[in-house]
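Spelled out, the chains give:
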Amino acid sequence: MNAKWLLTILIFAGLVLGIIAGQLLYDPGFSPGGVHAHAAALALFDFIGFTVFMGLLKMLIIPLIATSVIAGVTSVGDFSKLGALGARTLVYYFATMFMAVVLGLVLVTTFRPGDPMAAQAAQVDNSGAATSNDADAANAPSSAPVPVDERAQGGLIGILKNLVSQMIPENVVAAAAAGQPLGIICFSIFFGVVATLVGAPAEPVVHFMNSAFEVLMRMVHVVMWIAPLGVFALLAKTIAVIGLQVFSEAIGRYMFVVLGGLAIHGLIVIPLVLWYFGKCNPFRFLHQMRQAMMTALATDSSSATLPVTIECATEQGGVNKRSAGFVLPLGSTINMDGTALYEAVAVVFIAQAFHIDLSFTELIIVAVTATLAAMGAAGIPSAGLVTMIIVIKAVNGSLTGHGAPEIPEAGIALIIGVDRLLDMFRTAVNVWGDAAGAKIIDRYDAK
Ligand code: ASP
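This one's a predicted model, so the numbers in the text were calculated from it and none came from an experiment.

Reading the values: rules and limits
- Residues numbered from 1 in each chain as written.
- Predicted model: local features only at pLDDT ≥ 70, side-chain atom pairs only at ≥ 80, totals over all residues.
- Heavy atoms only, no water.
- Helix = DSSP H or I, 4+ residues; strand = E, 2+ residues; numbered from the N terminus.
- Rg over C-alpha atoms; globule rule 2.2 N^0.38 Å.
- Buried < 20%, exposed > 50% of the residue type's maximum accessible area, 1.4 Å probe, protein only.
- Contact = heavy atoms within 4.5 Å.
- Areas by Shrake-Rupley, 256 points an atom, 1.4 Å probe, with all protein chains shown as cover.
- Lys, Arg positive; Asp, Glu negative; His and termini not counted.
- Charge placed at Lys NZ, Arg CZ, Asp CG, Glu CD.
- Bend = angle between axes of the 7 residues up to and from the residue.
- Near = heavy atom within 4 Å.
- Polar contact = N/O pair within 3.5 Å; in protein donor to acceptor, adjacent residues only side chain to side chain.
- Nonpolar A, V, L, I, M, F, W, Y, C, P; charged D, E, K, R; others polar.
- Phe/Tyr/Trp six-rings, centres within 6.5 Å; stacked < 30°, edge-to-face > 60°.
- Lys NZ or Arg CZ within 6 Å of the ring centre and 35° of its normal.

**Thoughts on the overall build of the protein**
Across its full length, the protein carries 20 helices and 0 strands. For 447 residues, the compact-globule estimate of 2.2 N^0.38 gives 22 Å, and the C-alpha radius of gyration of the protein, at 22 Å, lies within 12% of that figure. In terms of its C-alpha atoms, the protein occupies a principal-axis envelope of roughly 70 × 60 × 40 Å. The buried share of the protein, reckoned over its 447 residues, is 56%. Restricting the contact set of the protein to residue pairs at least 6 apart, pairs at least 24 apart contribute 85%. Of the accessible surface of the protein, which amounts to about 17800 Å², a share of 70% is contributed by carbon and sulfur atoms. Side chains of the protein carry 21 positive and 27 negative charges; the gap between the two charge centres is 12 Å.

**Describing helix α14 (residues 302-316)**
The largest bend along α14 reaches roughly 35 degrees and is located at Val308. Counting buried residues in α14 gives 14 out of 15 residues, a clear majority hidden from the surface. Looking at the residues trailing α14, positive phi occurs at Gly318, about 70 degrees.

**Looking at helix α13 (residues 290-299)**
Every α-helix winds through 3.6 residues per turn, so residues three or four apart in the chain are directed the same way. Burial analysis of α13 places 10 of its 10 residues in the buried class, which makes it a mostly covered element. Note on α13: the residue one or two positions beyond its end, Asp300, has a positive phi of about 60 degrees.

**Thoughts on the site of the ligand**
Around the ligand sit 16 residues, and of these Ser302, Thr339, Gly384, Asp423 and Arg426 come closest. Gly384 has a polar backbone atom sitting 2.8 Å from an oxygen atom of the ligand. Taking Asp423, its side chain carries an N or O atom lying 2.8 Å from a nitrogen atom of the ligand. In terms of residue count, helix α20 (residues 419-446) provides more of the shell around the ligand than any other element does, 4 residues in total. When its residues are assigned to classes, the shell around the ligand shows 5 nonpolar, 8 polar and 3 charged.

**Some thoughts on the packing of aromatic side chains**
Across all of its chains, the model carries 7 aromatic pairs by this definition. Taking 4.9 Å as the distance between ring centres and 85 degrees as the angle between the ring planes, the aromatic pair formed by Tyr276 and Phe277 counts as edge-to-face. A residue is classified by how much of its surface remains accessible, and Phe277, at 37% relative accessible area, is partly exposed. The residue whose ring lies beneath Arg290 is Trp5, and the NZ or CZ to ring-centre distance is 4.7 Å. Stacked on the ring of Tyr342, the Lys or Arg Arg426 has its end atom at 3.8 Å from the ring centre.

**Focus on the environment of Ile389**
For Ile389, the location among the structural elements is in helix α18 (residues 383-401). Put simply, Ile389 and Glu343 are 46 residues apart on the chain and 9.3 Å apart in space, counted from C-alpha to C-alpha.

The structure is reproduced here in structure tokens:
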């Protein structure tokens, strides 16, 4: 058996065993070593999963983005080609996110998962906490305050301003130190374009970036040998907090709608787009991206998965360094099909739970704002939950315009407890959408 296969099998085993271990730990009747052993196991999973595995991946992100974007841009050479590459990439991002949102809206308005949640909605107080005394709800992080950060402030204009200010950081080193990828991506594109213009004198720095990129990819290989343990620990921790029984509760219907939408988008829509525009076998490519998919499932973070996405796409999926270097880093922060679908479903679900009827115009507002809010969400865990406030605010603007009651922002408390589980799958779809985009752009780039 070759090393790649062994690693894939080990990561998959980590995934399955993590789910089993998490569910056992969730069960209050299963506590072989008492509460202290239970808490120690969770602390250990946290340490292995977040501190070590995600820490190692995150450590590689910024240098990998800088080198891969610069190596990618400088290898294009011709500026008309670069412009075409950029334009195609943006069209692909917008089009697929919009398709995901429309699919989510069709499903949520057809299956109406919010209707059975009216009782829980009535218990949500204005502070954003669900006042249920249900033991499971207490175990889930549903009573945590709804996280609202500056990304969600100021509505749509706010999100655009925020995006632009991240794209043009005052201090690129500070942006790198703060782990903000957008600024580094823009700086690197700019640097790569000018390095190409400068020509011969810039060759040493271009060589340096290319060789640093190769070294970083090798570092990703090494880190991936920790992935089986990391994936196990991350999943065990998630399931131990939420438990799989949530699927049989009233909220389960909402979860099935989100997961069904993600499955249709990930397994039908993206493969069709990839097959038609990328002229390749989409399931073979999905198979080549399998390690990235499993890492996305476990980490809940497109950014943390980026090193693995680049590795799988270039070394197994046959994507040119040029397309991968440009499309994947940018995609990991702004192309989020899964998040866009999820935000649209979640907002309409909350409205249904509060018996608020949304007109066709309001559904269009949801479609447009969910696409933009997903673009504004960072590739980190639960970012979509935060930027969803923007969608709620935009819809409320229209609802109050015709005297209808507003969707309470505190309604997010209804879904916050199961967010981590859904985040796993929407992150996997986000990463899959990025990879498929790189493969498609690669085909056009090669023409
Ligand atoms: N966790 C997602 C990602 O990193 C973003 C989200 O919360 O939807 O892609």
